[in-house]
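# Chain and residue survey
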Amino acid sequence: MSRIDRRAFVALSMAAISMAGGCRRASAAPSAYDPTAPDLQFPGLVSPFDVAMARSLRGEPATDLDCDRAPEPVTVLDHESKYKPGTNSSVEDADREDDYQEKLKEVSGFYNPLTRISDRYVRSNPRASEIAQCVLHWLAGWAEAGALEKGVTEQGRMVQAWALASLAGSYLKIRTDPYLSASANREVLDWLGRLNALVIANFEDRQDKKSRSNNHRYWANWAVCATAIARDDKDAFAWAKAGFERACAQVQPDGVLPLEMERRRKALHYHNFALGPLVLHAEALIANGQADPYDLNDGAIKRLAGFVVHGLRDPAIFAQRAGEKQDLDGTLKETQLAWMEPYYARFKDDRLTPWMKDYRPLVGHRLGGDLTLLFGADSV
């Protein structure tokens, strides 16, 4: 489908309305298409993304209502690591890197543009429900194909968790739209639930592996948390919260994550990489009335953030601790620094402003998308 035009969209909307409402346990959908109709309300777990607020503060009339055809579904996740064996995942192998990136793009080539489409929906003011329909259409196509569920290698498990974090984030941004197809919505939520169960099972298995305790687990925690909110799955939400608490317990008094420091020349990169899911998970916990997660382990995330900022200013501190000069290739970019946006919105930490000014908009496709749009503070 190259475009959902307004006439076709209204027909889809009316069909969705006739099928017992738009979303599970949400308030009833309106009886005719109206861009000013109220958003659906959900009584369960709360999204960390305040779409209505972002739209009111930074929205503008939508000019792009195109809905391009989604990429072909990827069902098998047979990825292999890009790093040379025996290097603590710190030295890339050129041949393995090329193969890894090619396979990763088959998956990120779906969730990255989907994130951008869902950002267009958040930005639309008045709300352009056509764009939400497009996001759901993409998700439903991959759900119907059972995408991302089969042939999962060890590295494929990590890709699966990253993808789930991105897909759940995109869904959370559109779920309150009153014109979502009920049948497509159910299909997508069922699929996200299957993926969530796989991620939980994968990270409960092989507890001897470092990936069950390092930043990969943090990403799994965030993915499960976001999906649990979408499905109002309190058991999965509790699993993710327990993992978050274990992650905070790993942060040392000086802000070091020991397993990421073992990455040697990539230690700073992976300390920074770990902050993304930790900060977004913290924001999700706060949105759901949990005790302040930033206070856990005497302010663990704050210490980690401070240590990373110190390192970004002067990588020598990481080189001294890790024993190697730091490789920041791929670190200083908007996708890797996106955690700064919600962190600054909460704490107004002026140490972050140089990077925020240089790299905005800060967009983390696995963290919910355009975090400047969702959390941005005008005071930077």
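Here the structure is shown first, and the text comes after it.
Given the structure is predicted, the values throughout are model-derived calculations rather than measurements.

Right, let's get into the state of the cysteines. Taken as a whole, this structure holds 1 disulfide when the rule is applied. Covalent S-S linkage joins Cys 67 and Cys 134, the inter-sulfur distance amounting to 2.1 Å. Handedness here is read from the sign of the S-S torsion; for Cys 67 and Cys 134, about 85 degrees, the answer is right-handed. Of this pair, Cys 67 sits in the loop between α2 (51-58) and α3 (94-123) while Cys 134 sits in helix α4 (residues 129-144), and the two are 67 residues apart along the sequence. A relative accessible area of 1% places Cys 67 in the buried class. Relative accessible area serves as the criterion here: at 1%, Cys 134 is assigned to the buried category.

What follows covers the nonpolar core. The nonpolar side chains of a soluble globular protein tend to be buried, and buried together. Judged by nonpolar contacts, the single largest core of 112 residues is most densely connected at Leu 148, Trp 191, Trp 222, Ile 301 and Trp 339. Not counting residues up to four positions away in its chain, the partners in contact with Trp 191 are Leu 139, Trp 142, Ala 143, Gly 146, Ala 147, Leu 148, Glu 149 and Leu 167.

Below, the discussion takes up helix α13 (residues 340-347). Every buried residue of α13 is accounted for by Met 340, Glu 341, Pro 342, Tyr 343 and Tyr 344. In this fold, the buried residues of α13 make contact with α10 (267-287), α11 (296-313), α14 (353-359) and α15 (371-375). Backbone geometry just downstream of α13 places Lys 348 in the positive-phi region, at approximately 50 degrees.

A few words on the packing of helix α8 (residues 234-250) against α11. It is at 8 Å that the axes of α8 and α11 come closest, and there the two elements cross at 80 degrees. The orientation of α8 with respect to α11, classified from their angle, is roughly perpendicular. Here Phe 244, Glu 245, Cys 248 and Ala 249 of α8 lie close against α11, whose contacting residues are Leu 296, Asn 297, Ala 300 and Ile 301.

On the surface, Glu 80, Asp 98, Asp 99, Glu 102 and Glu 106 cluster together into a negatively charged patch. As for its position among the elements, Glu 80 is in the loop between α2 and α3.

Further remarks concern the packing of aromatic side chains. The tally for this structure, following the rule as stated, stands at 13 aromatic pairs. Where Trp 219 meets Phe 273, the ring centres are 5.1 Å apart and the plane angle is 40 degrees; that geometry is what we call tilted. On the criterion of sequence distance, the pair formed by Trp 219 in helix α7 (residues 215-231) and Phe 273 in helix α10 is long-range, its members being 54 residues apart. The buried category is assigned to Trp 219, whose relative accessible area is 3%. Exposure remark for Phe 273: the relative accessible area of 10% places this residue in the buried category. A centroid spacing of 4.8 Å and a plane angle of 85 degrees characterise the contact between Tyr 294 and Phe 347, whose relative ring orientation is edge-to-face. Within this pair, whereas Tyr 294 is found in the loop between α10 and α11, its partner Phe 347 is found in helix α13, the two being separated by 53 residues in sequence. Since its relative accessible area comes to 0%, Tyr 294 is described here as buried. Judged by relative accessible area, which is 29%, Phe 347 ranks as partly exposed. The aromatic ring of Phe 203 is capped on one face by Arg 212, whose charged end is 5.3 Å from the ring centroid.

Cut-off values and rules
- Residues numbered from 1 in each chain as written.
- Predicted model: local features only at pLDDT ≥ 70, side-chain atom pairs only at ≥ 80, totals over all residues.
- Heavy atoms only, no water.
- Disulfide = S-S within 2.5 Å.
- Helix = DSSP H or I, 4+ residues; strand = E, 2+ residues; numbered from the N terminus.
- Buried < 20%, exposed > 50% of the residue type's maximum accessible area, 1.4 Å probe, protein only.
- Core = buried A, V, L, I, M, F, W, Y, C linked by side-chain atoms within 4.5 Å.
- Contact = heavy atoms within 4.5 Å.
- Axes fitted to C-alpha atoms, helices over the stretch in contact; angles between N-to-C directions.
- Parallel < 35°, antiparallel > 145°, perpendicular 65-115°, else oblique.
- Patch = residues over 30% accessible without salt bridge, like charges linked within 9 Å, V, L, I, M, F, W, Y side chains within 5 Å.
- Areas by Shrake-Rupley, 256 points an atom, 1.4 Å probe, with all protein chains shown as cover.
- Salt bridge = Lys/Arg side-chain N within 4 Å of Asp/Glu carboxyl O.
- Lys, Arg positive; Asp, Glu negative; His and termini not counted.
- Charge placed at Lys NZ, Arg CZ, Asp CG, Glu CD.
- Phe/Tyr/Trp six-rings, centres within 6.5 Å; stacked < 30°, edge-to-face > 60°.
- Lys NZ or Arg CZ within 6 Å of the ring centre and 35° of its normal.

Distances and angles like these do not, on their own, reveal function.
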